[in-house]
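Here's the letter readout for the chains.
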Amino acid sequence: MALDLNVNGEQRRLDPAPTPTTLVLVIEALAYNPQLVVVEHNGVIVPRTQWPNAAVSDGDNLEIVTIVGGGS
């Protein structure tokens, strides 16, 4: 079964979708490192501790921001 999402303003399809379709598995399926991102799911920033229990559904919106280190 496929999962259609809006990720950072772009339509993305996961086919097959991870099972179960939890936020942590969807992030991994989209090839993001879960340790290096912050995720907004349908307008709400989701704490990393809740990712294993946060269900992602067809048509959901994700904003995924990668943490970048650096400095001077």
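Structural notes, computed from the coordinates.

Calculation criteria
Residues numbered from 1 in each chain as written. Predicted model: local features only at pLDDT ≥ 70, side-chain atom pairs only at ≥ 80, totals over all residues. Heavy atoms only, no water. Pairing = 2+ DSSP bridges. Helix = DSSP H or I, 4+ residues; strand = E, 2+ residues; numbered from the N terminus. Core = buried A, V, L, I, M, F, W, Y, C linked by side-chain atoms within 4.5 Å. Buried < 20%, exposed > 50% of the residue type's maximum accessible area, 1.4 Å probe, protein only. Contact = heavy atoms within 4.5 Å.

A look at the pairing of strand β2 (residues 10–14)
Remark: a regular strand shows side chains that alternate across the two faces of the sheet.
(1) Moving on: When strand β1 (residues 3–7) meets β2, the two strands line up antiparallel, connected through five bridges. Among the inter-strand pairings, D4 is bridged to a residue of β2, identified as R13.
(2) Moving on: The turn linking β1 back onto β2 is made up of two residues, and N8 within it adopts a positive phi angle of 50°.

Description of the nonpolar core
(1) Moving on: Counting 18 residues, the largest nonpolar core has L5, L23, V26, V39, W51 and L62 as its most contacted members.
(2) Moving on: Broken down by secondary-structure element, the contributors of at least two residues to this core are β1, α1 (23–29), β3 (37–41) and β5 (61–66).
(3) Moving on: Among the elements that take part in this core, α1 stands out by supplying four residues, more than any other.
(4) Moving on: Those residues in contact with V26 that lie beyond four places of it in its chain are L3, L5, L14, P18, T21, V56 and L62.

Focus: the pairing of β3
(1) Moving on: The two faces of β3 differ: V37, V39 and H41 on one face are buried, but V38 and E40 on the other face are not.
(2) Moving on: Alignment of β3 against β5, held across five bridges, turns out to be antiparallel. Bridging across to β5, V39 finds its partner in I64.
(3) Moving on: Bridge count between β3 and strand β4 (residues 44–45): two bridges; the pairing is antiparallel.

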